[in-house]
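# Per-entry structural report
Read off the chains here:
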Amino acid sequence: MSKTILVTRSKGDEHELTEALQQLGHFVIHEPLTEIFLNHTIRAEVEQAMREEPDAVLITSKHAAQALALLSDIRDTCILAVGTATMEHAMSLGFSRVYDTGGTLESMLEYIQGGYDDGARFLYVSGEHIRSDLPEILGSFGMSCQRIIAYHALAAESLSDTLIAQLKRGQIDAVTFFSPRNVAIFLDLLKRAGCTPASAALDLFALSEEVANAAQDATWRHIFIARKPTLASLVDSVDNIYAQ
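Per chain, the residues get numbers from 1 upward, laid out in the order the sequence is written. Two thresholds apply to this predicted model, a pLDDT of at least 70 for residue-level local features and 80 or more for giving and counting side-chain atom pairs, whereas whole-chain, interface and lining totals are computed over all residues. Only heavy atoms go into the side-chain values, all of them from the structure, while hydrogens and water stay out.

### Considerations on the sheet that holds strand β8 (residues 144–155)
Through backbone hydrogen bonds, the strands of a sheet pair up, either in parallel or in antiparallel fashion. Pairing is mixed in the open sheet, where six strands are placed in the order β3-β8-β7-β4-β5-β6. Pairing within the sheet leaves two strands with one partner each, and these edge strands are β3 (34–38) and β6 (98–100). Neighbouring strand axes in the sheet, compared pairwise and without regard to direction, differ in orientation by 25° on average. Throughout, a contact is declared for two residues whenever any of their heavy atoms are within 4.5 Å. All axes here are fitted lines through C-alpha atoms, helices being fitted over the stretch that makes contact, and every angle between N-to-C directions spans 0 to 180 degrees. Helical segments are the DSSP runs of H or I of at least four residues, strand segments are the runs of E of at least two, and each set is numbered from the N terminus. Sitting on the sheet, helix α3 (residues 62–71) touches β3, β4 (56–59), β5 (79–81), β7 (121–127) and β8, and the angle it makes with β8 is about 105°. Along the sheet face, helix α5 (residues 105–115) touches β4, β5, β6 and β7 and points at about 145° away from the line of β5. At least two DSSP bridges between two strands are needed for those strands to be called paired.

### Regarding the pattern of salt bridges
Any Lys or Arg side-chain nitrogen found within 4 Å of a carboxyl oxygen on Asp or Glu counts as a salt bridge. All told, the structure shown has four salt bridges when counted by the stated rule. Close ionic contact of Glu 47 with Arg 43 constitutes a salt bridge, the shortest N to O distance being 3.5 Å. Of this pair, Glu 47 and Arg 43 are both found in helix α2 (residues 43–51), four residues apart, which corresponds to roughly one turn of the helix. A salt bridge links Arg 43 to Asp 73; its shortest N-O distance comes to 3.2 Å. Placement of the pair is Arg 43 in helix α2 and Asp 73 in the loop between α3 and β5, with a sequence separation of 30 residues. Through salt bridges with shared partners, a single network forms among Arg 43, Glu 47 and Asp 73.

### Notes on the environment of Ala 232
Here Ala 232 is to be found in helix α10 (residues 231–242). Buried means the residue's accessible area, taken with a 1.4 Å probe over protein chains only, is under 20% of the maximum for its type, while exposed means over 50%, and partly exposed covers the values in between. On the basis of relative accessibility, which here comes to 48%, the residue Ala 232 falls in the partly exposed class. Here the alpha-carbon distance between Ala 232 and Ala 215, two residues 17 residues apart in the chain, equals 21 Å.

Shown next as structure tokens:
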């Protein structure tokens, strides 16, 4: 059954999800809730951190891979990536030693514990907003981790007039979320637009239980959680529900 689904990922991040949903026969509307800005002022800091030869650089998003490529010319450092998509993106940018650690922060930590000894040193290239403090967690393992904030995901100040009108008319069937922060931004923008009740007509597809928990303060038609915190699993969730 064809549905109209709202995708809220940043510009440039939406393509894979949008194409997968369209292949299932759904109509997709993309409304980015954040805009990515590179922190150009830290190039010297990144270069210095890379020259100190950490055991590995940790990246948990395509934006981190992109930022690292723009802020440093070094390409042969070992990189541990969360998920196949992030790994492949880093490789497409010229990094030669990139490893997929399994798709979640938990699997990354298991990978590190299984492959590195106490005293290992890591560089964590991230955005301003993170869900887990990797330096603190790795410190509890007897390892050290330097975090560099390489980009900022600035929240949108409003929803588009077109989307607001569609929400008020009940023309959107579902919305997808990949992070608790995007849920919070969406609910705040709904409130600003005076259409908070519109969420009650939406099915929410969440990447994880953590994302779903962030949505509990609002009313939704249904909340569905992907079996695994991966894009493919979220798409499967949409397919399973709307194929019924």
